[in-house]
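Listed below are the residues making up each chain.
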Amino acid sequence: MENILELKHITKSYEDGINVIEDLNLTVKKGELITLLGPSGCGKTTLLRMIGGFDLPNSGEILLHGEDIGQLPPEKRPINTVFQKYALFPFLNIYDNIAFGLKQRKVDKNLIRQKVKHALSVVDLEGFEKRNVDSLSGGQQQRVAVARAIVNEPEILLLDEPLSALDHKMRLEMQAEIRNMHDNLGMTFIYVTHDQEEAMNLSDRIVVMANGVIQQEGAPEEIYDRPANIFVADFIGVSNIFTGDVTDKKRARFAGKIFKTDSDLPVGTRIEAMIRPENVEITGAGEGAIDAVVTSDIYKGSHHEITAEFGKYEVTVYGKSRVETGSTIGIDFPREYIHLMRHDMDMNVFDGVINQDGSADFTYFTLAPDAEFMRDKAPGSKVQVVFESKDADLSDDPEAGFVTGNIDAIMYIGDHYTYIVRGDNDEDYYADDDWLWNMGDRVSIVVPQDKFRYRELI
Amino acid sequence: MRFKRSMLGIPYVIFLIIFVMAPLAVVFVYTFTNGSGQFTLENFLGFFKSSRTIATLVYSLFVALVTTVFCLLIAYPTAYALARSGFKKKNILLLLAVIPMWINFTLRVTALKEVLDLVEGNLAYYPFFNTIIGQIYDFLPFMILPIFNVFDEMDKSLLEAGRDLGADRKSLFLSVILPLSMPGIASGITMVFLPAMTNYVVLDMLYNSTYIMGSLIGSYFNAYDWHNGSMVSTILLLIIILFSLIGKNKTQNA
């Protein structure tokens, strides 16, 4: 299929100098329904606004059919938008709302009448011409907003979280309708949402974004089955994730055992192994690879969501029948469902919560975020801390750093060593150091206070 | 007795009865009676028969119209500029535009009189012009505030939607911004037009000897002619009701 839109090296920063989007590249094919998916603040809406022309990129090109439209104002782009809160004109009736774009283009009156009538039939609102905007329900307003955009026959239709104001049932209905409309019109849709389920239901292709960077793009199945990294795995659906390493050809050690895998990652690679709850097999006690103690069983209608513990690990399994809490079950991870991801060693990322005393508890260690960040943070709110391995150093004084552990792996990277330090609870830290340490050395990790970056998790 | 929320309204109801309903009733009674207390329409018919009173009505309408038009022409772009300016200084700018309202109104007109006197030499040369200046000076903030409010609360996504659908600057103003600001314009007009018809203090202080509706009422009452004074008040009341109905209709359609 032909490319309709190409984004090349797009960078966008706001006045405060923080980059919202960094060197982003994306290609959209003609006629596809592509979804930009990510948590709030990931840059997906900014990206959509740049395609629509409401924000201009600081650098990079936006090519429509090969022509740069990156600096054109919205009214000059053959692109229309369905806005988050519909943005219908309250002073116009439904007919005039839908006819607005055609009137701007000075289309013949009779033709406008035909097109509006057709657009209303597409969104299933025949006979609503004379109604006022405020006499319509949320779902109906949503349809009018869609009709108002598609009546202009744009090259690309942008949809900015169009269903977020609707209730759950209505949302499901509208998802199916948007999908149908897309298939009937053959128009290119770019859809923004933070709802992974919605993205799964709708899209030909999903682009997962975080911190202004594309994490992965691909078909829904691909993203679900083979996430590129731990962020995508965690964001899309429910997953069991274990850290470990590749021990042998097509074998990996994680969750305290060695498993056969289909992965071709080289021996020694640090990995995260992911397996979806529906792919975990339950066997009788002693018959599986692992014996685990059931801690809970919640009936979800289509399946039982079973949580079980073994050692210091926890696993979520979707089972067909109820199991007794406290009983022991056997668990197997079938080879074809184990997905290995290369572990990113540039960044240390930990999630935690704010304590009563204003410190932040990250399970394995406690930090004191600066007052600037802590202002307006309530105890119990979730935070994330990130520090880069290049900012982390090692010390043999256990009091010098904020956490201690033993060196578990050493890699020489040109001019320095990258160490993997295994903490006392089996968690991994990555630190760069100029000095050579020995395997198993007891060290503490030192990071300057200003190199910890905190972020509120929503 | 249990306290009900509606009881909070009692003080206002008492106020309403004593200071609004009762005086209005008195005004109506005087309007439709003559000196000996008999029912008559003579007062009313007299108003429309006399060329002097009709001329006063026309002059009042004209003064109010010119005042309103100029207030609107000045206030609209001012309110737009105020609402669109950066967030922090916006309120200070608005304050500067509204502060004159806090200064005693006679004091303001007196100051204006001195300035005009200095510029024109003698106020008697341009009585109408001076009246309009005084009226605009007096009523401008009442036009700026409601229009500022609609601009300030205007949903930005509607403007984006307009541009998204192909409206350039001019067309965006005519087909989105202007209709969206109609409620502000309508309430600005009601705040300015009707008071401007009766506000004879400005005329008096700026030595404009022509009567407007307010002066007419004043002159009747000064001569203890309660019946005709009430009649003119009733006519003004009817005009106000008429304008409000039209205004309400317009905003509902918008």
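Residues numbered from 1 in each chain as written. Chains lettered and ligands numbered in written order. Predicted model: local features only at pLDDT ≥ 70, side-chain atom pairs only at ≥ 80, totals over all residues. Heavy atoms only, no water.

For chain B, the name recorded in an unreviewed UniProt entry is ABC transporter permease, with Candidatus Weimeria bifida as its organism. Among the UniProt annotations of chain B, the heading Sequence similarities (unreviewed entry) holds the following wording: "Belongs to the binding-protein-dependent transport system permease family. CysTW subfamily." (UniProt positions renumbered as here; feature names shortened; annotations may be inferred.)

The name recorded for chain A in an unreviewed UniProt entry is ABC transporter ATP-binding protein, from Candidatus Weimeria bifida.

(A) View of the overall build of chain B. Each helix and strand in chain B was counted, giving 11 helices and zero strands. If you list the helices and strands of chain B from N to C, you get α-α-α-α-α-α-α-α-α-α-α. Here the C-alpha coordinates of chain B stretch approximately 70 × 70 × 35 Å along the principal axes. The buried share of chain B, reckoned over its 254 residues, is 40%. For chain B, contacts bridging at least 24 residues in sequence account for 70% of all contacts bridging at least 6. Per element, the accessible surface of chain B, about 14600 Å² overall, is 71% carbon and sulfur. For chain B, the distance from the average site of its 17 positive side-chain charges to the average site of its 13 negative ones is 10 Å. (Helix = DSSP H or I, 4+ residues; strand = E, 2+ residues; numbered from the N terminus. Buried < 20%, exposed > 50% of the residue type's maximum accessible area, 1.4 Å probe, protein only. Contact = heavy atoms within 4.5 Å. Areas by Shrake-Rupley, 256 points an atom, 1.4 Å probe, with all protein chains shown as cover. Lys, Arg positive; Asp, Glu negative; His and termini not counted. Charge placed at Lys NZ, Arg CZ, Asp CG, Glu CD.)

(B) Local environment of the packing of helix H3 (residues 51-84) of chain B against helix H6 (residues 127-152) of chain B. Residues and elements named next belong to chain B. Closest axis-to-axis distance for the H3/H6 pair is 6 Å, and the angle between their directions is 45°. With respect to each other, H3 and H6 are oriented oblique. Considering how the two elements wind past one another, H3 and H6 form a crossing that is right-handed. Looking at side-chain class alone, the contact of H3 with H6 contains 24 nonpolar, five polar and two charged residues. (Axes fitted to C-alpha atoms, helices over the stretch in contact; angles between N-to-C directions. Parallel < 35°, antiparallel > 145°, perpendicular 65-115°, else oblique. Left-handed = near helix turned anticlockwise from the far one by under 90°. Nonpolar A, V, L, I, M, F, W, Y, C, P; charged D, E, K, R; others polar.)

(C) Seen up close, unusual backbone geometry. All names here are of chain A. The phi angle at Asp-23 is positive, at roughly 40°, despite the residue not being glycine. Summarising the element assignment, Asp-23 is placed in strand E2 (residues 19-29). Note on Asp-23: relative accessible area 45%, which makes it partly exposed. In this structure, Glu-161 takes a positive phi of about 40° despite not being glycine.

(D) The packing of aromatic side chains, seen in detail. What the rule picks out here adds up to 39 aromatic pairs over all chains. Taken together, a centroid distance of 6.4 Å and an interplanar angle of 50° make the contact between A:Phe242 and A:Phe310 tilted. Remark: A:Phe310 occurs in strand E17 (residues 304-310) and A:Phe242 occurs in strand E11 (residues 240-248); sequence separation between them is 68 residues. When the ring of B:Phe62 is compared with that of B:Phe128, the centres are 5.5 Å apart and the planes differ by 15°; the resulting orientation is stacked. (Phe/Tyr/Trp six-rings, centres within 6.5 Å; stacked < 30°, edge-to-face > 60°.)

(E) Seen up close, the sheet that holds strand E16 (residues 290-299) of chain A. Residues and elements named next belong to chain A. Strands sit in the order E15-E19-E16-E17-E18 across an open sheet of five strands; the sheet is antiparallel. Unpaired on one side and paired on the other, strand E15 (281-283) and strand E18 (313-319) mark the two borders of the sheet. Taken pair by pair, the neighbouring strands of this sheet meet at an average axis angle of 45°, ignoring direction. Across three bridges, E15 lies against strand E19 (residues 328-332) in antiparallel orientation. Note on E19: the bridge partner recorded for Ile-282 is Ile-331. (Pairing = 2+ DSSP bridges.)

(F) Local environment of the sheet that holds E11(A). All names here are of chain A. Taking strand neighbours across the sheet as the criterion, the five strands line up as E13-E12-E11-E14-E20 in an open arrangement whose pairing is antiparallel. Pairing within the sheet leaves two strands with one partner each, and these edge strands are strand E13 (257-260) and strand E20 (339-342). Taken over all neighbouring pairs, the strand axes of this sheet differ in orientation by 40° on average, direction set aside. Looking at chain direction, E11 and strand E14 (residues 270-275) are connected through six bridges and run antiparallel. Bridge pairing in E14 links Thr-243 to Glu-272.

(G) How the structure looks around the pattern of salt bridges. Residues and elements named next belong to chain A. By the definition in use, this model includes 27 salt bridges over all chains. Ionic pairing is found between Arg-270 and Asp-428, a salt bridge with its closest N-O pair at 2.9 Å. Taken together, the residues span a long stretch of sequence, with Arg-270 in strand E14 and Asp-428 in strand E28 (residues 428-433) at a distance of 158 residues. By relative accessible area, which is 11% here, Asp-428 ends up buried. For Asp-408, the salt bridge identified is with Arg-422, shortest N-O distance 3.6 Å. Note that Asp-408 is positioned in strand E26 (residues 403-413) and Arg-422 in strand E27 (residues 416-423), a separation of 14 residues in sequence. What makes Asp-408 partly exposed here is its relative accessible area of 27%. Since its relative accessible area comes to 22%, Arg-422 is described here as partly exposed. Salt bridges linked by common partners bring Asp-245, Arg-253, Arg-270, Asp-408, Arg-422 and Asp-428 together as one network. (Salt bridge = Lys/Arg side-chain N within 4 Å of Asp/Glu carboxyl O.)

(H) Molecular detail of the nonpolar core. Among the nonpolar cores identified, the biggest contains 59 residues, and A:Phe89, B:Phe47, B:Phe151, B:Met197, B:Met213 and B:Val232 are the most heavily contacted of them. At the level of secondary structure, the elements contributing two or more residues to this core comprise helix H2 (42-49), H3, helix H4 (87-98), H6, helix H7 (156-164), helix H8 (169-198), helix H10 (213-222) and helix H11 (226-253) of chain B. Per-element tally for this core: the top contributor is H3(B), with 11 residues. Contacts of B:Met197, omitting those with residues within four sequence positions, involve B:Leu57, B:Ser60, B:Leu61, B:Ala64, B:Ile212, B:Met213, B:Gly214, B:Leu236 and B:Ile239. Counting residues in each nonpolar core, the second largest holds 37 residues, with A:Tyr95, A:Ala145, A:Ile178 and A:Met187 among its members. (Core = buried A, V, L, I, M, F, W, Y, C linked by side-chain atoms within 4.5 Å.)

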